[in-house]
Amino acid sequence: MRGRHKSKKHGGGAAALWLLLPLLVLIVLKTNLLPQVAHYVAAPILRSKLSCNFSNHQSNTCTMEGDVRIHGKSATVYVVKASTYMPENSTIKLRPYARKWEDQVMQLVREVTMRSIPPAAGADGDDVTPPECSVRHDVPAVVFSTGGYNRNFFHVMTDVIIPLYLTAREYDGRVQLLATDYEPKWIAKYKFILAALSAYPVIDMDSEDTVRCFPSAHVGLESHKELGIIPGLSHNGYTMVTFREFIRSAYSLQRPRVAPVSRSSGRKPRLVLILRRLEAAEERSRGHRRRH
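For every chain, the first residue of the written sequence is number 1, and numbering continues from 1 onward in sequence order. In view of the model being predicted, local features appear only for residues whose pLDDT reaches at least 70, and side-chain atom pairs are presented and counted only at 80 or more, with totals across whole chains, interfaces and linings using the full set of residues. Hydrogen atoms and water are omitted, and side-chain values are computed over all heavy atoms in the structure.

### Considerations on the packing of aromatic side chains
Quick note on the threshold: Centres within 6.5 Å are what make two rings of Phe, Tyr or Trp a pair, Trp counting through its six-membered ring; a difference in plane orientation under 30 degrees is then read as stacked, over 60 as edge-to-face, and the rest as tilted. Elements are defined by DSSP. Helices are runs of H or I of four residues or more, strands are runs of E of two residues or more, and each kind is numbered from the N terminus. Here's how the labels work: a residue is buried when its accessible area is under 20% of the maximum for its type, exposed when over 50%, partly exposed in between, all with a 1.4 Å probe on protein chains only.
Throughout the structure, instances matching the rule amount to 5 aromatic pairs. Where Tyr165 meets Tyr238, the ring centres are 4.8 Å apart and the plane angle is 45°; that geometry is what we call tilted. Here the residue Tyr165 occupies a position in helix H3 (residues 153-168), and Tyr238 occupies one in the loop between strand S10 (211-219) and helix H6 (240-250), the gap between them amounting to 73 residues. The buried category is assigned to Tyr165, whose relative accessible area is 2%. Judged by its relative accessible area of 12%, Tyr238 is buried.

Right, here's the structure in full:
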């Protein structure tokens, strides 16, 4: 009798548990009390992206995101675990200067190599192992050159400053600039513009033996035309008017426009003439010396 009594009690408890099971499931779903199994699930494999544009008349550019590692001294950008931009060739080279149709000046600009490679040597038939990160950044990188016609103000504006504005301004200061053909005097001369584009000092890429890792990078600068911006081609609708406002802000110029001069005031406007002949000759001579 006792044995049968215990069996009935046990059976009744099991039946009650089955009746309560739907209620328990509902409570778990409503209160989000599911066990945290994410710690035991393998992290998804990061797939980097690499894409390039060689169709622009002014400049060649490549953008990448994911696992991006830059070794400055070898001028190499490693895009790890990337789907190859060109299946037959995982190595891409370009000179990050916005005057690609002029072979003479482009020879003065250091070439940057981008390699789309697997995470370990031997994978996918590649025998190159990506270098380990020395420094990790949580902001994007923009690689450009301070070479070329870097002593000519017109070329500085049309080949570097305006393209830098088009490429880096959208990050609102949270971007790391890396310069090849690094010229300290050039960096110092345009320090206010560079500081308005990036909250961080410009890195001398040529002397860097460390490996800097970024979540994304842009090699080369966006450019539309000489000394101009085409709003329809700009990702953020930038114009020469917004560029002018940016420059005025960078140099803390108070007046939004030049004060008009009226005839009744008796004041005469000032006219400034600049002769480019000597400057252009100096650039040609410098290019000749560097080639020889």
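What follows picks up the thread again.
### Some points on H3
Basically, it comes down to this: Throughout, the bend at a residue refers to the angle made by two axes, fitted to the seven residues ending there and to the seven starting there. The term polar contact refers here to a pair of N or O atoms within 3.5 Å; inside protein, the definition further demands a hydrogen-donor-capable atom paired with an acceptor-capable atom, and it admits residues adjacent in sequence only when both atoms are side-chain atoms.
Along H3, the helix axis deviates most sharply at Ile161, where the bend reaches about 30°; the proline Pro163 sits within four residues downstream. Counted residue by residue, H3 has 14 buried out of 16 residues, so it is predominantly covered. Between the side-chain oxygen of the N-cap and the backbone nitrogen of Phe154 there are 3.0 Å, and the N-cap of H3 in question is Asn152.

### Things to note about the state of the cysteines
Condition: Disulfides are defined in this document as cysteine sulfur pairs within 2.5 Å.
Summed over the entire model, instances satisfying the criterion amount to 2 disulfides. Disulfide pairing places Cys52 opposite Cys62 at an S-S distance of 2.0 Å. Between Cys52 and Cys62 the disulfide shows an S-S torsion of about 105°. By sign, it is right-handed. Taken together, the positions of Cys52 in strand S1 (residues 49-53) and Cys62 in strand S2 (residues 61-71) put the pair 10 residues apart, joining distant regions of the chain. Taken individually, Cys52 and Cys62 each receive the classification buried, so the pair is uniform in this respect. Residue pairing for Cys133: its cysteine sulfur links by disulfide to Cys213, the two sulfurs lying 1.9 Å apart.

### Concerning a nonpolar patch on the surface
Formally: Patches here: salt-bridge-free residues with over 30% relative accessible area, like charges joined within 9 Å, nonpolar side chains (Val, Leu, Ile, Met, Phe, Trp, Tyr) joined within 5 Å. The protein chains shown are the only cover counted for residues, whose accessible areas, like all others here, come from Shrake-Rupley with a 1.4 Å probe. Each reported salt bridge corresponds to a side-chain nitrogen of Lys or Arg within 4 Å of a carboxyl oxygen of Asp or Glu.
Together, Phe192, Tyr251 and Leu253 make up an exposed nonpolar region whose accessible area comes to about 290 Å². Checked against the element boundaries, Phe192 lands in helix H5 (residues 191-197). For Phe192, a relative accessible area of 43% puts it in the partly exposed group.

### With respect to the environment of Ala75
This is how it is decided: Every residue pair with non-hydrogen atoms within 4.5 Å of one another is taken to be in contact.
In this structure, Ala75 sits in the loop between S2 and strand S3 (76-80). Residue class for Ala75 comes out buried when judged on its relative accessible area of 1%. Between the C-alpha atoms of Ala75 and Met205, which are 130 residues apart in sequence, the distance is 7.4 Å. Discounting residues that sit within four places of it in the chain, Ala75 has contacts with Arg110, Glu111, Val112, Thr113 and Met205.

### Looking at H6
Buried residues of H6: Phe243, Phe246, Ile247, Arg248 and Ala250, and no others. Contacts from the buried residues of H6 go to H3 and H5. Measuring from the backbone nitrogen of Val241 back to the side-chain oxygen at the start of H6 gives 3.2 Å, which picks out Thr239 as the cap. Ser252 lies just past H6 and shows a positive phi near 55°.

### Quick look at the nonpolar core
A general feature of soluble globular proteins is that nonpolar side chains tend to end up buried together. Condition: As used in this record, nonpolar core signifies buried Ala, Val, Leu, Ile, Met, Phe, Trp, Tyr and Cys residues forming a set joined through side-chain atoms within 4.5 Å.
By size, the foremost hydrophobic cluster in this structure holds 33 residues, and its most contacted members are Phe144, Leu164, Leu177, Trp186, Ile193 and Phe243. Elements with a contribution of two residues or more to this core: helix H2 (103-106), strand S7 (141-145), H3, strand S8 (176-180), helix H4 (184-189), H5 and H6. Among the elements that take part in this core, H3 stands out by supplying 9 residues, more than any other. Look past the residues within four positions of Trp186 in its chain and what remains in contact with it is Phe144, Thr146, Asn150, Val156, Val160, Ile161 and Leu194. Counting 20 residues, the second largest nonpolar core, distinct from the first, contains Val68, Leu94, Val143 and Met205.

### A look at the packing of H3 against H6
We count it as follows: Axis definition: a line fit to C-alpha positions, over the contact stretch in the case of helices; interaxial angles, taken between N-to-C directions, run 0 to 180 degrees. Angles below 35 degrees are treated as roughly parallel, those above 145 as roughly antiparallel, those between 65 and 115 as roughly perpendicular, and all remaining angles as oblique. Residues were grouped as follows: Ala, Val, Leu, Ile, Met, Phe, Trp, Tyr, Cys and Pro as nonpolar; Asp, Glu, Lys and Arg as charged; and all remaining residues, including Gly, as polar.
In the contact formed by H3 and H6, the axes pass within 11 Å of each other and the chain directions differ by 90°. Between H3 and H6, the interaxial angle falls into the category roughly perpendicular. Where H3 abuts H6, its residues Met157, Ile161, Ile162 and Tyr165 lie against Met240, Thr242, Phe243 and Phe246. Class assignment for the residues of the contact of H3 with H6 results in 7 nonpolar, 1 polar and no charged.

### Topic: the pairing of S1
Selection criterion: Strand pairing is assigned whenever DSSP identifies at least 2 bridges connecting the two strands.
Here S1 shows one buried face, formed by Leu50 and Cys52, and one open face, formed by Lys49, Ser51 and Asn53. Pairing geometry for S1 and S2, over 5 bridges, is antiparallel. Residue pairing in the sheet places Cys52 in a bridge with Cys62 of S2.

### Focus on the confidence of the model for the protein
We count it as follows: Values of pLDDT, ranging from 0 to 100, describe the predictor's confidence in every residue of the model.
Mean pLDDT over the protein works out to 81, with 73% of the residues at or above the 70 mark. A low-confidence stretch, residues 1-9 (pLDDT under 50), is modelled with 0 contacts involving residues beyond four sequence positions or located in other chains. Between residues 83-89, whose pLDDT stays under 50, and residues either more than four places distant or in other chains, the model counts 12 contacts.

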